[in-house]
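Spelled out from the first residue to the last, the chains are:
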Amino acid sequence: MEYRTLGATGLTVSELCFGTWRFGKRTGDVLETDEEEAHELLDRVADHGINFIDTANVYGDPSGTAEEYIGNWLDDRDRDDYVLASKVYFDYGDGPNESGLGRKHIRNQIEGTLDRLGTEYLDLYYIHRFDEDTPIRETLRTLNDLVRKGKVNYLGASTMAGWQLTKALWQSDVENLERFDVTQPLFHAAYYEDVEEYLDVCADQNLAVCPYSPLAGGFLTGKYERAGEDVHDVESPDGSRGTFDEFFDDYYVSERGWDVLDTVRAVADELDASPAQVALRWLIEREQFTCVPIVGARTTDQLDENVGAVEISLSDDQRERIDAAREGEQ
């Protein structure tokens, strides 16, 4: 495993981050990853030298299950060997103050997160979304207090518009508050329009980017095939995300996406690698900002394959071909 400094922070992380959104998650009657499976995956994460683990207070059914799984796993390990990231924003109960980014909710949630993880501090705390109902000043001052008290080391922002991220950074600078150093957008080789302005802000402000769904929900692994002339006619393997995720078509499947996948497959053949490894490497090698993809493997075999991305490199020509397909220039 190779390691890198996370943006403008002093934090050193593995080139891949392990995401735990499947831990304790139920999709219909399907429990995607139970605690035994979660611990098996985390054991393999440690074996590979991945030190960066991503979760959220709402991951799992019920919410908090993923953090509990991680906390139980850490009982037998040195917590300081790992970089832990969690998030706050979404509903954690039915009360009027149990969601959003108000001071009360953030303070309540950080205590619950730390308790479930069995730790005294988080390395990275993300706002999971932008809260249009709470003044950004209140949110940032509350997060700043968490850093000052030693409960959080660095701050991050997930999905939002580029202007919202800019507004938050400006507010931090004006008031001399801790600013966001890390971002977590939906970003992968087949996703283009909606994220470009956000990424421009990250590049300009030297923010690290930790993309979620870097393999487009499995689309860029190459396991899906076109089943007809319509772009959404997809042949999905049994049990794959495309068979049960109602958002799969909207988020991951497009004409441009198929072009990117064809190019990724061709590059993978040239490198004797898998499409997943090429798609992850394309992200790791972003020059505009530090990019650490969050992989959410369901099995140890998938994790082993993903980790192979750190062992390959793309030529300038290969990167440019993927870029051209992504930008619709083929």
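Draft legend 1. Looking closely at the overall build of the protein chain. Helix and strand counts for the protein chain stand at 12 helices and 14 strands. Scaling as 2.2 N^0.38, a compact globule of 330 residues should have a C-alpha radius of gyration of about 20 Å, and the protein chain matches this with 19 Å. Oriented by its inertia axes, the alpha-carbon framework of the protein chain measures out at about 50 × 45 × 35 Å. Evaluated residue by residue, the protein chain yields a buried proportion of 56% over its 330 residues. Counting every atom, the protein chain has about 14400 Å² of accessible surface; 39% of that belongs to carbon and sulfur. Charge centroids of the protein chain, computed over 31 positive and 70 negative side chains, lie 6 Å from each other.

Draft legend 2. Fine view of the side chain of Thr113. Relative to the elements of secondary structure, Thr113 occurs in helix 3 (residues 103-117). For Thr113, a relative accessible area of 0% gives the class buried. In contact with Thr113, other than residues within four places in its own chain, are Asn57, Glu67, Ser86 and Leu122.

Draft legend 3. Representation of the pattern of salt bridges within the structure. Per the counting criterion, the structure on display carries 21 salt bridges. With a shortest N-O distance of 2.7 Å, Lys87 and Asp54 are connected by a salt bridge. Highlighted residues: Lys87 in strand 7 (residues 83-88) and Asp54 in strand 6 (residues 52-54), separated in sequence by 33 residues. Overall, Asp54 belongs to the buried group, its relative accessible area being 3%. The salt bridge involving Arg107 is made with Asp145; its shortest N-O contact spans 3.8 Å. Within this pair, whereas Arg107 is found in helix 3, its partner Asp145 is found in helix 4 (residues 136-148), the two being separated by 38 residues in sequence. Overall, Arg107 belongs to the partly exposed group, its relative accessible area being 38%. With a relative accessible area of 28%, Asp145 lands in the partly exposed category. Overlapping salt bridges bring together Arg4, Glu15, Arg281, Glu285, Asp316 and Arg319 as one network.

Draft legend 4. Molecular detail of the nonpolar core. Ranked by size, the top nonpolar core spans 88 residues in total, and within it Leu165 and Phe180 carry the most contacts. Element by element, the count of residues in this core is highest for helix 10 (residues 275-284), at seven residues. Apart from the residues lying within four places of it in its own chain, the contact partners of Leu165 are Ala157, Met160, Phe180, Thr183, Tyr198, Val201, Cys202 and Leu207. Ranked by size, the runner-up nonpolar core spans 14 residues in total, among them Leu11, Val83, Leu124 and Ile294.

Draft legend 5. Layout of the packing of helix 9 (residues 255-271) against helix 10. Close contact between helix 9 and helix 10 brings their axes to 8 Å; oriented N to C, the two are set at 105°. By the angle class used here, helix 9 and helix 10 are roughly perpendicular. Where helix 9 abuts helix 10, its residues Val264, Arg265, Val267, Ala268 and Leu271 lie against Pro275, Val278 and Ala279.

Draft legend 6. Looking closely at the environment of Arg26. Relative to the assigned elements, Arg26 resides in strand 4 (residues 26-27). Counting along the chain gives 35 residues from Arg26 to Asp61, while the straight-line C-alpha distance between them is 6.2 Å.

Draft legend 7. Here's a closer look at the packing of aromatic side chains. Applying the stated criterion across every chain yields a total of eight aromatic pairs. Residues Phe18 and Phe23 carry aromatic rings whose centres are separated by 6.0 Å and whose planes lie at 55° to one another, so their mutual orientation is tilted. Residues Phe18 and Phe23 agree in their burial class; the two are buried. The interplanar angle of 70° and the centroid separation of 4.9 Å between the aromatic rings of Phe219 and Trp258 together place this pair among those described as edge-to-face. One end of the pair, Phe219, is in the loop between strand 11 (208-209) and strand 12 (225-226); the other, Trp258, is in helix 9, with 39 residues separating them in the sequence. On the basis of relative accessibility, which here comes to 0%, the residue Phe219 falls in the buried class. The ring of Tyr121 carries the charged tip of Arg79 above its face, separated from the ring centre by 3.9 Å. A cation sits over an aromatic face here: Arg286 above Trp282, 3.9 Å from the ring centre.

Criteria and cut-off values
- Residues numbered from 1 in each chain as written.
- Predicted model: local features only at pLDDT ≥ 70, side-chain atom pairs only at ≥ 80, totals over all residues.
- Heavy atoms only, no water.
- Helix = DSSP H or I, 4+ residues; strand = E, 2+ residues; numbered from the N terminus.
- Rg over C-alpha atoms; globule rule 2.2 N^0.38 Å.
- Buried < 20%, exposed > 50% of the residue type's maximum accessible area, 1.4 Å probe, protein only.
- Areas by Shrake-Rupley, 256 points an atom, 1.4 Å probe, with all protein chains shown as cover.
- Lys, Arg positive; Asp, Glu negative; His and termini not counted.
- Charge placed at Lys NZ, Arg CZ, Asp CG, Glu CD.
- Contact = heavy atoms within 4.5 Å.
- Salt bridge = Lys/Arg side-chain N within 4 Å of Asp/Glu carboxyl O.
- Core = buried A, V, L, I, M, F, W, Y, C linked by side-chain atoms within 4.5 Å.
- Axes fitted to C-alpha atoms, helices over the stretch in contact; angles between N-to-C directions.
- Parallel < 35°, antiparallel > 145°, perpendicular 65-115°, else oblique.
- Phe/Tyr/Trp six-rings, centres within 6.5 Å; stacked < 30°, edge-to-face > 60°.
- Lys NZ or Arg CZ within 6 Å of the ring centre and 35° of its normal.

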